[in-house]
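One-letter residues, chain by chain:
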Amino acid sequence: MLFRSSIAVHGTDVYVAGTVTSFSLGTDNAVYWKNGVSTTLDNVSNDSEAWGIAVDGNDLYVVGSVFNNNSVHATYWKNGVPATLAGGIVANAIVVNGTDVYIAGSAGSVNNSVAAYWKNGVATTLQGGFVANAIAVNGNDVYVGGTTIDGAAVCWKNGVATMLPNSAAGSGTVYSVRGIAANSAGVFVVGSTP
């Protein structure tokens, strides 16, 4: 079974990150596809998942999690080489801005996680957050979208939280930000409802 999570386009190349589940083997593997050709990212001894992808010049970044000995570690792969994010349990999204690499996810433990983002491997926890699902950078401003501990949708700008109002369509309360973009026209988010 395939779970595709994120997409990036660079020139004429299309990259997709996701997870391939083998029910017969009982394993999950982080994978990316370049123009439809898959590459598995983690070694076969550990389960892994891929959630986000970014391309910058000749460098390909994929983020996700690796499961090892009953623990989980937020991981990013740069050109296929894995690195663990200090204190992280999941990495959900990535953006590259110049020489800086920003990753959104969760830190802590599976039973006690907190929303966080990493800039060049240095973590910043986000007050009141449970998980960070999306990240964008515009100039010197860092925007992170996710879910609060209470289950509400939230956006942080430079670490300051703004709760999102109910969905405009009236179909329920928006409870998680799944994607975010920012430019001179404003900040744009997409989310999900119960």
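Just above, that's the structure.
Being a predicted model, the structure only gives us computed values, none of them experimental.

Colleague: Hey, could you run me through the pattern of salt bridges in this one?
Modeller: Side chains bearing opposite charge may pair, as long as their charged atoms lie close to each other. In the structure shown here, the tally under the stated rule is one salt bridge. For Asp13, the salt bridge identified is with Lys34, shortest N-O distance 4.0 Å. Taken as a pair, Asp13 in strand S2 (residues 13–22) and Lys34 in strand S3 (residues 27–34) lie far apart in primary sequence, 21 residues in all. Classification of Lys34 as partly exposed rests on a relative accessible area of 36%.

Colleague: What is the right way to read the sheet that holds strand S14 (residues 141–148) from this model?
Modeller: With antiparallel pairing, four strands are arranged side by side in an open sheet as S13-S14-S15-S16. Single-partner strands in this sheet number two, and they are strand S13 (129–138) and strand S16 (160–163). If you compare each strand with its neighbour and ignore which way they point, the axes differ by 25° on average. Taken together, the four bridges between strand S15 (residues 153–157) and S16 define a ladder with antiparallel strand orientation.

Colleague: Which parts of the structure should I look at to understand the sheet that holds strand S12 (residues 122–125)?
Modeller: Backbone hydrogen bonds are what pair the strands of a sheet, in a parallel or an antiparallel way. As summarised here, the arrangement of the four strands in space is S9-S10-S11-S12, forming an open sheet in which the pairing is antiparallel. Each having just a single partner strand, strand S9 (88–97) and S12 make up the two edges of the open sheet. On average, adjacent strands in this sheet sit at an angle of 25° to one another, irrespective of strand direction. Alignment of S9 against strand S10 (residues 100–109), held across eight bridges, turns out to be antiparallel. Opposite Val95, over in S10, you have Tyr102 as the bridge partner.

Colleague: How should I be thinking about unusual backbone geometry in this particular structure?
Modeller: With glycine set apart, most residues show a phi of negative sign, and most peptide bonds adopt trans. Positive phi, close to 50°, is recorded for Asn35, a residue that is not glycine. For Asn35, the location among the structural elements is in the loop between S3 and strand S4 (37–40). Overall, the relative accessible area of 45% leaves Asn35 in the partly exposed class. Positive phi, close to 55°, is recorded for Asn79, a residue that is not glycine. Examined against the element boundaries, Asn79 turns out to sit in the loop between strand S7 (71–78) and strand S8 (81–84). For Asn79, a relative accessible area of 43% translates into the label partly exposed.

Colleague: It is not clear to me how the environment of Ala182 should be interpreted in this structure. Could you clarify?
Modeller: The topology assignment puts Ala182 in strand S17 (residues 176–183). Counting along the chain gives 43 residues from Ala182 to Gly139, while the straight-line C-alpha distance between them is 9.6 Å. Ala182 has contacts with Ala136, Asn138, Tyr143 and Val187, leaving out every residue within four places of it along the chain.

Colleague: Looking at this structure, how should I read the pairing of strand S18 (residues 186–192)?
Modeller: Both faces of the sheet carry side chains from a regular strand, because those side chains alternate between them. Two strands pair when backbone bridges link them, and S17 and S18 are joined in this way by seven bridges, in the antiparallel orientation. Bridge pairing in S18 links Ala181 to Phe188.

Colleague: Quick question: what am I supposed to make of the side chain of Asn92 here?
Modeller: Locating Asn92 in the fold gives a position in strand S9. For Asn92, a relative accessible area of 14% gives the class buried. At 3.0 Å, the side chain of Asn92 and the backbone oxygen of Ala132 are in polar contact. Polar contacts involving the side chain of Asn92 include one to the side chain of Asn133, which spans 3.4 Å. Here Asn92 is in contact with Trp51, Gly52, Val63, Ala104, Gly105, Val131, Ala132 and Asn133, once residues within four sequence places are set aside.

Conventions adopted
- The residue numbering used here restarts from 1 in each chain and proceeds along that chain's sequence as written.
- Totals for whole chains, interfaces and linings use every residue, but because this is a predicted model, local features are given only for residues with pLDDT of at least 70 and side-chain atom pairs only at 80 or more, for both listing and counting.
- Computation of side-chain values covers all heavy atoms of the structure but excludes hydrogens and water.
- The rule for a salt bridge is simple: a side-chain nitrogen of Lys or Arg has to be within 4 Å of a carboxyl oxygen of Asp or Glu.
- Starting at the N terminus, helices and strands are each numbered in turn, a helix being any DSSP run of H or I of at least four residues and a strand any DSSP run of E of at least two.
- Buried, partly exposed and exposed residues are distinguished by accessible area as a fraction of the type maximum, computed with a 1.4 Å probe on protein chains only: under 20%, between the cut-offs, and over 50%, respectively.
- For two strands to be treated as a pair, DSSP must find at least two bridges joining them.
- Axis definition: a line fitted to C-alpha atoms, limited for helices to the stretch in contact. Angles are taken between N-to-C directions and run from 0 to 180 degrees.
- Contact between two residues is taken to exist if any of their heavy atoms lie within 4.5 Å; hydrogens are not considered.
- Two N or O atoms count as a polar contact when they lie within 3.5 Å, although within protein this holds only if one can serve as hydrogen donor and the other as acceptor, and sequence-adjacent residues are included solely when both atoms are side-chain atoms.

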